[in-house]
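Coordinate inspection notes
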Amino acid sequence: MRILAADQVIVIGAGIGGLCCAIDLARSGFAVTVVERAATCGGKMREIVVGGRTIDAGPTVFTLRWVFDALFADAGASLDEFLTLRPLEILARHTWADASALDLFADMERSAAAIDAFAGKAEAAGYRAFQAEAKGVFDSLKSTFLTQQKTGPIGLTGRFGLSGAAGLFRLRPYETLWRALGDHFHDPRLRQLFGRYATYCGSSPFQAPATLMLVAHVEQAGVWRVEGGMARLAQALEALARRLGVSFRLSMPVASVRVQNGRAAGVELADGETIGADAIVVNADPAALTSGALGLGAARRAPRPAQRSLSAVTWGLVASAPGASLSHHNVLFSGDYPAEFDDIFRQARLPASPTIYVCAQDRYEALDPPPGSPERFLVLINAPARGDQASSSPEEIMSCQSEVFGRLRQMGLEIGSETPSVLTTPATFNALFPATGGALYGQATHGWRAAFDRPGARTRLPGLYLAGGGTHPGAGVPMAALSGRLAASCLKADRASMFRWRRGAMLGGMSTP
Ligand SMILES: Cc1cc2nc3c(=O)[nH]c(=O)nc-3n(C[C@H](O)[C@H](O)[C@H](O)COP(=O)(O)OP(=O)(O)OC[C@H]3O[C@@H](n4cnc5c(N)ncnc54)[C@H](O)[C@@H]3O)c2cc1C
């Protein structure tokens, strides 16, 4: 076994959480090796090639840029040095089967005016009240929960200080998001639009706590387009990590976490090589540990299994859309939202009539491509995370595809049998992200306890840490980044206290007569 020197850390996985953790550890003096099974960094932030063109096939909505500004600044760099980010004026375009359409804008008053024209003054007032509440929830949780190590309800009450339990109660953890939206909106389309934010955490608006309305504020606070595509962000993180001395082993799956004397002590790679380390950070989904996919020694101390979040079926397409009225981000709502989530979470099948998200990757407001020229699209519907079980049959997938393509044609996309198209199913996601069943956001945030039940950075196995969207504070690019930073600070604190304890024991030993 090749033994590395002291304070060596291995990060399993080069997703956003793993990269951010590696950056923080490297700038603090740790010798970090990132071991990644894929050939490139980024994890879910990945690209595919369709008809010879590169398409973002993972996250497309980039929010909370301050998370990355802070990460780069703390490492003595600047995000702008690595990336060009452009704020979007139109956050998203929403359409319904009755041909009604509503844009939301970065400028809240412009959105309120659009809602007034769409559904009337009372709904516009409801929108303002909703955004104020969502901002309140986000502001309360930003410094007490999202940027802090995992805690339970009692710990969080304590962090709320004088407002204590009353402050916590104002976040409406015991109500569903759907129920809370009914206080602000009477138009079912608006309830559907704002309920969809639960899916950003892979959850159903009918089961997620109202607290998840904070996602609406996250988007209202700004959506950026990354020049050259989202994958440039992963590349920027990799470049910063390399600059700080992080080593990468790409195309190299980790077969297991080695446990020695009750501690995580290294990893065994798929080719049989073993590497010792002082600490291991798992950026793979926590389910990989729980299932034993990273060895039985680590599985014994892994987080308990939990209800999986949403998976997805996606299509990367290159098609002309001369008549389509599209923004960069577009949502085509289903006619029956409760039935859609019932299909996914209760019946565990693809929704008969899905809500369709379309990222028109070449449309940037003033810079739309010439009408009729082939454009790049990522099309996504939510799906049950059963990619490792009796996954959808080819017939089920094809019937879903013909429903989705039919609706895309109605909105002006020219899709035929020759259209370049790359399909990704829950089974594909399960193969890319082992032991997840294709779940893309860790465990579902259903019920008031769910946010507290998400595993934290520290596991029950000394020396083993978790980072990523399956870990506190949750899924999505900025949350995965925060999780990586929390894992780094937890690991640093543990190493420092271990060092103090050893030094204390040695000094104590010397003074003993
Ligand atoms: C289609 C799609 C759309 C999305 N849309 C958005 C969006 O618009 N906005 C947003 O903010 N978020 C979005 N998300 C969610 C966001 O992408 C994720 O929450 C985030 O990228 C997860 O990062 P992570 O740190 O958990 O790492 P992951 O991306 O999960 O990466 C984990 C890495 O670990 C590696 N790994 C696993 N097992 C091993 C092993 N045994 N050995 C070595 N390596 C291993 C994997 O190969 C992978 O690279 C989307 C996700 C998907 C898939």
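Just above, that's the structure.
All of the points below concern the structure found in this document. (Residues numbered from 1 in each chain as written. Predicted model: local features only at pLDDT ≥ 70, side-chain atom pairs only at ≥ 80, totals over all residues. Heavy atoms only, no water.)

1. Let's talk about the side chain of Thr33
Relative to the helices and strands, Thr33 is located in strand S2 (residues 31-35). According to the relative accessible area criterion, Thr33 is buried, its value standing at 14%. Those residues in contact with Thr33 that lie beyond four places of it in its chain are Val9, Ile10, Val11, Ser247 and Arg249. (Helix = DSSP H or I, 4+ residues; strand = E, 2+ residues; numbered from the N terminus. Buried < 20%, exposed > 50% of the residue type's maximum accessible area, 1.4 Å probe, protein only. Contact = heavy atoms within 4.5 Å.)

2. Here's the deal with the packing of aromatic side chains
Inspection of every chain in the model, using the stated rule, returns 21 aromatic pairs. Ring geometry for Phe130 versus Phe194: centroids 5.1 Å apart, planes at 55°, classification tilted. Of the two residues, Phe130 sits in helix H5 (residues 121-146) while Phe194 sits in helix H9 (residues 188-195), which places them 64 residues apart along the sequence. In this structure Phe130 comes out as buried when scored by relative accessible area, which is 1%. Measuring from centroid to centroid gives 6.3 Å for Phe206 and Tyr337, while their planes differ by 70°, and the two rings are edge-to-face. On the criterion of sequence distance, the pair formed by Phe206 in the loop between H9 and helix H10 (214-220) and Tyr337 in helix H14 (residues 337-346) is long-range, its members being 131 residues apart. When its relative accessible area of 24% is taken as the criterion, Phe206 is described as partly exposed. One cation-aromatic arrangement involves Lys44 over Phe433; the distance from NZ or CZ to the ring centre is 4.5 Å. Note that Arg225 overlies the ring of Tyr364, its terminal NZ or CZ placed 3.6 Å from the centroid. (Phe/Tyr/Trp six-rings, centres within 6.5 Å; stacked < 30°, edge-to-face > 60°. Lys NZ or Arg CZ within 6 Å of the ring centre and 35° of its normal.)

3. Focus on a positive patch on the surface
Among the surface-exposed residues, Lys150, Arg300, Arg301, Arg304 and Arg460 lie close enough to one another that they form a single positively charged patch. Position of Arg301 among the secondary structure elements: in the loop between helix H13 (296-299) and strand S14 (311-319). Relative accessible area serves as the criterion here: at 32%, Arg301 is assigned to the partly exposed category. (Patch = residues over 30% accessible without salt bridge, like charges linked within 9 Å, V, L, I, M, F, W, Y side chains within 5 Å. Areas by Shrake-Rupley, 256 points an atom, 1.4 Å probe, with all protein chains shown as cover. Salt bridge = Lys/Arg side-chain N within 4 Å of Asp/Glu carboxyl O. Lys, Arg positive; Asp, Glu negative; His and termini not counted. Charge placed at Lys NZ, Arg CZ, Asp CG, Glu CD.)

4. Quick notes on unusual backbone geometry
Of note, the bond from His472 into Pro473 is cis; its omega dihedral lies within 30 degrees of zero at 10°. Relative to the helices and strands, Pro473 is located in the loop between strand S19 (464-466) and helix H18 (477-511). The backbone of Ala99 shows a phi angle near 75°, a positive value even though the residue is not glycine. In this structure, Arg172 is a non-glycine residue whose phi angle is positive, near 55°. Counting through the fold element by element, Arg172 comes out in the loop between helix H7 (164-169) and helix H8 (177-181). Using a relative accessible area of 13% as the deciding quantity, one classes Arg172 as buried.

5. Regarding the site of the ligand
Taken together, 32 residues lie near the ligand, and Gly17, Glu36, Lys44, Gly469 and Val477 sit nearest. Here Ile16 contributes a backbone N or O atom positioned 3.5 Å from an oxygen atom of the ligand. One nitrogen or oxygen atom from the side chain of Lys44 is found 2.6 Å from an oxygen atom belonging to the ligand. Taken by itself the ligand offers 1000 Å² of open surface, and the protein chains cover 93% of this. Of all the secondary-structure elements, those providing two or more residues to the shell around the ligand are helix H1 (16-27) and H18. With three residues, the top contributor of residues to the shell around the ligand is H18. (Near = heavy atom within 4 Å. Polar contact = N/O pair within 3.5 Å; in protein donor to acceptor, adjacent residues only side chain to side chain.)

6. Concerning helix H2 (residues 65-74)
The set of residues buried in H2 consists of Arg65, Val67, Phe68, Leu71 and Phe72. Mapping the buried residues of H2 onto a view down its axis gives an arc of 155°, with all of them on the same face. (Arc of directions from axis to C-beta.)

7. Looking at the pairing of strand S13 (residues 279-282)
Neither face of S13 is exposed, since Ala279 and Val281 on one face and Ile280 and Val282 on the opposite face are all buried. Pairing geometry for S13 and S19, over three bridges, is parallel. Residue pairing for S19: Ile280 is matched across the bridge by Leu464. (Pairing = 2+ DSSP bridges.)

8. Regarding the nonpolar core
Ranked by size, the top nonpolar core spans 116 residues in total, and within it Ile16, Phe68, Phe194, Leu237 and Val281 carry the most contacts. Excluding residues within four positions of it along the chain, Phe68 makes contact with Ile16, Cys20, Phe62, Leu79, Leu233, Leu237, Val477, Pro478 and Ala481. If you look at the next biggest cluster of nonpolar residues, it comprises 24 residues, including Val358, Ala383, Val404 and Ile415. (Core = buried A, V, L, I, M, F, W, Y, C linked by side-chain atoms within 4.5 Å.)

9. Quick word on the pairing of strand S17 (residues 375-383)
A regular strand places its side chains so that they alternate between the two faces of the sheet. Taking burial as the measure, the nine residues of S17 include nine buried ones, the bulk of the element. Here S14 pairs with S17 via nine bridges, running antiparallel. Counted as the bridge partner of Ala312 is Asn382 from S17. Here four bridges tie strand S16 (residues 356-360) to S17, and the two strands are oriented antiparallel to one another. If you follow Ala360 over to S17, its bridge partner there is Phe377.

10. Looking at the pattern of salt bridges
All chains considered together, the criterion is met by 32 salt bridges. Ionic pairing is found between Asp362 and Arg53, a salt bridge with its closest N-O pair at 3.4 Å. Residue Asp362 is located in the loop between S16 and S17, and its partner Arg53 is located in strand S4 (residues 53-56); the two are separated by 309 residues in the primary sequence. In this structure, the salt-bridge partner of Arg349 is Asp343, at a minimum N-O distance of 2.9 Å. Look at Arg349 and you get partly exposed, because its relative accessible area is 41%. Among the residues examined, Asp343 registers a relative accessible area of 8% and is labelled buried. Each of Glu133, Arg172, Glu175, Arg179 and Asp183 takes part in one network of salt bridges that share partners.

11. Brief notes about the sheet that holds S14
In space, the seven strands of this open sheet follow the order S7-S6-S15-S16-S17-S14-S18, with mixed pairing throughout. Each having just a single partner strand, strand S7 (101-105) and strand S18 (421-424) make up the two edges of the open sheet. If you compare each strand with its neighbour and ignore which way they point, the axes differ by 15° on average. (Axes fitted to C-alpha atoms, helices over the stretch in contact; angles between N-to-C directions.)

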